[in-house]
Amino acid sequence: MTGYLIRRFLQTIVVTILVTVGTFSLLHAIPGGEIRAILGVRATPAMIASTAKQWGFDQPLYVQYSKWLWQLLHGNFGYDISVHAPVTTLMVPAAVRTIVLAVTGTLLGLVVGIPLGIYQAVHRYTAVDNVATGISFIGYGAPTFFVGLLLINWFSVEVHLFPLYNNANPLLSQPTALVLPVITYGFVAFALWSRFMRSSVMDNIIQDYVRTARSKGASERRVIWGHVFRNSLIPVVTLLGLSLPAILSGAVAIEVVFNYPGMGLLFVQSALSTDIQMMLAITVLTTLLTIVGNLLADVAYAVLDPRVRYT
Amino acid sequence: MAIPHTEMSGAVVTEAAPTAPGGGQISAKPRSLLRRGWEVFAESKLALAGSGFVIFIVLFCWVGPHIYVTQQVSTPIENAYCTPGGAHLLGCDNLGYDTLGRLMVAGQNSLTVGLLAAAVACTFGAIYGAASGFIGGLVDSLMMRIVDAVLSIPYTLVIIVLVVIVHPSTLTMIGFIALIYWPQPARLVRGETLSLRTREYVQAVKVAGGGRSRAMFRHIMPNAIGVIIVQATFAVADSILILSLLGFLGFGLPPPTTDWGSMLSQGLNFINLGYWWLIYPAGLLIIMTCVSFNFIGDALRDAVESRLHRR
């Protein structure tokens, strides 16, 4: 177990280095780059050269990378020239808002999806199962922004049930405005979890230990909740870790639709104004969150499932 | 979908028969396996409905424009916002384009990008994964860390950066989506390869003096093809959704090229004006196409798994 953890941790470092090298070179491949974005299209070559020298953009890419990485190791995500502030002043509050949205949305998806998935697996091919399957497939197939805008139209515009999110006010002063984004989020997440739980339970229900439990006279309730449910939950932990990038990706569409000032919206705005430092910082932060999440999920998996033996 | 399947299974027979005892019996077996797979697939009414819808939508997009002829390049502006009925069965959009005709043209782009991106991603991913699993050791470890790295960056962020760097067209869009999608099939096929490479018939290739690439392309890949096709089916739906999200965020195919996602997000600007024909047809087509591919993928997975269980 300790050996596995050490190896897993070393792998994580390799992945982090690959990701930072990849995103750094990718973002610096943007034509014109940062300087163009700051100085505008009318900048003369002399102006560009002097600004590049001032900010160190004339240095070779690997020098820029190592300097940037050195700063990153000290917790400095970079300096945003276009807003003249450290990247973190905008990014950290946005990250907090994204995490609030993603966590509540995912929790909603889990709370609805997992019991539903179990019910579907136990009562498979019944009317309820088929209807739930249909709805979850729509959750898979519908573009998130479409779902979000329909909800806005129905519940904010036609029926004034939930107000629209207002950027100017603090996040927690308008909890009702958070309902629709979270529901949109939860709808997509519920589709994933109910489908996954359904197949996970169906895999477990044919296992020998279930037959043993039944033959020992355990009630159906005890078989499902005491044995099948707990075993079916194990792969959910892994999938939760693996789906972190998808969770953060999903936030982009929802934040744009609801004008929710999280990292996704910030990233789209930075992309439209080629704000490279901000894009770089957000990509690295989300990736680090994902990598740490995956590591935690793997460790949790090894702890939860005694059958897993890592050597 | 069925055609490569048949060919590949055929290849297995001719290659495997001489090395296996009782070749006559085995040469009859794959066809029955395939038939059994088909029976499992056909058991799912949803999958049949999905296949039917995919055939319909392909005809709609490519044959439709020859039957329902509309002007999709230049357009009389006085037609703008015309209501459904008469010469324009589904009305016109804000520029006077006939909506039904535009849905066909947009569908060509959505489906082309979806199908080709899925094909490219899964082909490359499959070869990568098979090579990684087959070579093993340090190379495998490094190749898989690259996969981890790509998987841990939220895909929307990467694709937005790519679209900012290179101006999007149908062709580059296929490349971009493939670029962020290939790690998933790669990981799956690697897992499959790890279990296949210990089989007798793969070992027999080595004994008989066949090279690594022969074992990989003639024996491992054909046997992993089921997993690859299932993944490719889901990839089509995912690619269509990614393309539509990009259209919504303003990074989609530039006009006059359009896709369902761009049409939908343009139509959503008029959501409060009652121009339902600009919103719901495009939205429904995206949802139904993606749901259909998901239905097909689900049933194919069941079919492939039943094949694997009886192997």
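Definitions and cut-offs
Residues numbered from 1 in each chain as written. Chains lettered and ligands numbered in written order. Predicted model: local features only at pLDDT ≥ 70, side-chain atom pairs only at ≥ 80, totals over all residues. Heavy atoms only, no water. Contact = heavy atoms within 4.5 Å. Buried area = accessible area lost by both parts, 1.4 Å probe. Salt bridge = Lys/Arg side-chain N within 4 Å of Asp/Glu carboxyl O. Polar contact = N/O pair within 3.5 Å; in protein donor to acceptor, adjacent residues only side chain to side chain. Helix = DSSP H or I, 4+ residues; strand = E, 2+ residues; numbered from the N terminus. Domains from an automatic or database assignment. Expected span 1.5 Å × (residues − 1). Buried < 20%, exposed > 50% of the residue type's maximum accessible area, 1.4 Å probe, protein only. Axes fitted to C-alpha atoms, helices over the stretch in contact; angles between N-to-C directions. Parallel < 35°, antiparallel > 145°, perpendicular 65-115°, else oblique. Left-handed = near helix turned anticlockwise from the far one by under 90°. Nonpolar A, V, L, I, M, F, W, Y, C, P; charged D, E, K, R; others polar. Patch = residues over 30% accessible without salt bridge, like charges linked within 9 Å, V, L, I, M, F, W, Y side chains within 5 Å. Areas by Shrake-Rupley, 256 points an atom, 1.4 Å probe, with all protein chains shown as cover. Lys, Arg positive; Asp, Glu negative; His and termini not counted. Charge placed at Lys NZ, Arg CZ, Asp CG, Glu CD. Core = buried A, V, L, I, M, F, W, Y, C linked by side-chain atoms within 4.5 Å. Phe/Tyr/Trp six-rings, centres within 6.5 Å; stacked < 30°, edge-to-face > 60°. 1 Å grid on protein atoms, 1.4 Å probe; cavity = no way out; pocket = protein on both sides within 12 Å on 5 of 7 lines; lining within 4 Å. Points joined across faces, edges and corners; volume = space filled by probe spheres on them.

Draft legend 1. Structural context of the interface of chain B and chain A. Listed by partner, the interface residues are 40 residues for chain B and 45 residues for chain A. Buried surface at the junction of chain B and chain A, both sides included, amounts to about 3,500 Å², of which 81% is carbon and sulfur. Inspection of the region where chain B meets chain A yields one salt bridge. The shortest N-O distance in the salt bridge between A:Arg195 and B:Asp298 comes to 2.6 Å. The tally of links from chain B across to chain A stands at two residue pairs in polar contact (both at pLDDT 80 or more). Of all the secondary structure elements, the ones that give two or more residues to the side of chain B that touches chain A are helix H6 (137-152), helix H7 (155-165), helix H11 (212-249), helix H12 (260-267) and helix H13 (280-310) of chain B.

Draft legend 2. Region of the structure containing the domain arrangement of chain A. As far as domains go, chain A holds domain 1 (31-76) and domain 2 (88-304). Centre-to-centre separation of domain 1 of chain A and domain 2 of chain A, based on C-alpha positions: 38 Å.

Draft legend 3. Inspection of helix H6 (residues 127-141) of chain A at higher detail. Counted at 1.5 Å a residue, the expected span for H6(A) with its 15 residues is 21 Å, and the 21 Å between its end C-alpha atoms agrees. Within H6(A), burial applies to A:Asp129, A:Ala132, A:Thr133, A:Ser136, A:Phe137, A:Gly139 and A:Gly141.

Draft legend 4. Geometry of the packing of helix H5 (residues 87-122) of chain A against H6(A). Residue and element names in this part refer to chain A. The interhelical angle for the contact between H5 and H6, taken along N-to-C directions, is 135°, at an axis separation of 9 Å. Taken together, the axis directions place H5 and H6 in an arrangement best described as oblique. Considering the relative orientation of H5 and H6, their crossing is left-handed. Here Leu116, Tyr119 and Gln120 of H5 lie close against H6, whose contacting residues are Val128, Asp129, Ala132 and Thr133. For the contact of H5 with H6, the class distribution of residues is four nonpolar, two polar and one charged.

Draft legend 5. Summary view of a negative patch on the surface. The grouping of A:Asp203, B:Glu39, B:Glu43, B:Asp302 and B:Glu305 at the surface amounts to a negative patch. Elements with a contribution of two residues or more to the negative patch: helix H2 (23-43) and H13 of chain B. Position of B:Glu39 relative to the elements: it lies in helix H2. Take B:Glu39: its relative accessible area is 46%, and that puts it in the partly exposed class.

Draft legend 6. Region of interest: the nonpolar core. Counting residues in hydrophobic clusters, the biggest one holds 145 residues, and the most contacted among them are B:Met173 and B:Trp260. At 22 residues, the largest contribution of residues to this core is made by H11(B). Filtering out sequence-adjacent residues up to four positions away, B:Met173 remains in contact with B:Val113, B:Val163, B:Pro168, B:Leu243, B:Leu246, B:Phe251, B:Gly252 and B:Leu253. Core analysis: the second largest hydrophobic core is formed by 16 residues, A:Leu110, A:Ile118, A:Val201 and A:Ile224 among them.

Draft legend 7. Quick peek at the side chain of B:Ser292. Residues and elements named next belong to chain B. Its location among the elements puts Ser292 in helix H13. Taking relative accessible area as the criterion, Ser292 reaches 5% and is therefore assigned buried. Among the polar contacts made by the side chain of Ser292, one reaches the main-chain carbonyl oxygen of Met288 at a distance of 2.7 Å. Apart from residues lying up to four places away in sequence, Ser292 is in contact with Gly50, Phe53 and Val54.

Draft legend 8. Representation of unusual backbone geometry in the model. Residues and elements named next belong to chain A. The phi dihedral of Asn259 is positive, around 55°, even though this residue is not glycine. Along the chain, Asn259 turns up in the loop between helix H11 (244-258) and helix H12 (263-272). By relative accessible area, Asn259 is classed as partly exposed at 37%.

Draft legend 9. View of helix H1 (residues 2-27) of chain A. Under the 1.5 Å per step criterion, the end-to-end length of H1(A) is 37 Å for 26 residues, consistent within 8% with the ideal 38 Å. All buried positions along H1(A) are accounted for by A:Tyr4, A:Arg8, A:Thr12, A:Val15, A:Val19, A:Thr20, A:Thr23, A:Phe24 and A:Leu27.

Draft legend 10. Region of interest: the packing of helix H9 (residues 208-215) of chain A against helix H10 (residues 220-242) of chain A. All names here are of chain A. Interhelical geometry of H9 versus H10 gives an angle of 155° and a closest axis separation of 10 Å. Classed by the angle they form, the pair H9 and H10 counts as roughly antiparallel. Of the two elements, H9 crosses H10, and the hand of that crossing is right-handed. Note on element contacts: H10 touches H9 through Glu220, Val223, His227, Val228 and Asn231, opposite Tyr209, Val210, Ala213 and Arg214. Residue composition of the contact of H9 with H10, grouped by class: five nonpolar, two polar and two charged.

Draft legend 11. Seen up close, the packing of aromatic side chains. All names here are of chain A. In the structure shown here, the tally under the stated rule is 13 aromatic pairs over all chains. Note on Phe137 and Tyr140: the rings are 6.0 Å apart at their centroids and 65° apart in plane angle, and the pair reads as edge-to-face. Residue Phe137 and its partner Tyr140 are located together in helix H6, separated by three residues, close to a single helical turn. Since its relative accessible area comes to 2%, Phe137 is described here as buried. Tyr140 sits in the partly exposed class, given a relative accessible area of 29%.

Draft legend 12. Region of interest: the pattern of salt bridges. Residues and elements named next belong to chain B. Counted under the stated rule, the structure contains eight salt bridges over all chains. Here Arg145 makes a salt bridge to Asp148, at a shortest N to O gap of 3.0 Å. With Arg145 and Asp148 both in helix H6, this residue pair falls three residues apart, about one helical turn. With respect to class, Arg145 is no different from Asp148; both count as buried. Taking the relative accessible area as the measure of exposure, Asp148 reaches 18% and is therefore buried.

Draft legend 13. Just empty space enclosed by the protein, in detail. Inspection of every chain in the model, using the stated rule, returns four cavities of 30 Å³ or more. Considering only enclosed or pocket space, the largest cavity measures out at about 110 Å³ in volume. Forming the boundary of the largest cavity are 13 residues, of which B:Asp93, B:Thr99, B:Met263, B:Gln266 and B:Leu278 lie nearest the centre. Of all the secondary-structure elements, those providing two or more residues to the lining of the largest cavity are helix H5 (99-135), H12 and H13 of chain B. Within the lining of the largest cavity, the residues separate by chemical class into seven nonpolar, four polar and two charged. Of the pockets and cavities examined, the second largest cavity occupies roughly 60 Å³. Along its surface, the second largest cavity is lined by A:Thr98, A:Leu248, A:Ser249, A:Ala251, A:Val252, A:Met263, A:Gly264, A:Ile282, A:Thr286, B:Pro154 and B:Leu157. Elements with a minimum of two residues in the lining of the second largest cavity: H11, H12 and helix H13 (276-304) of chain A.

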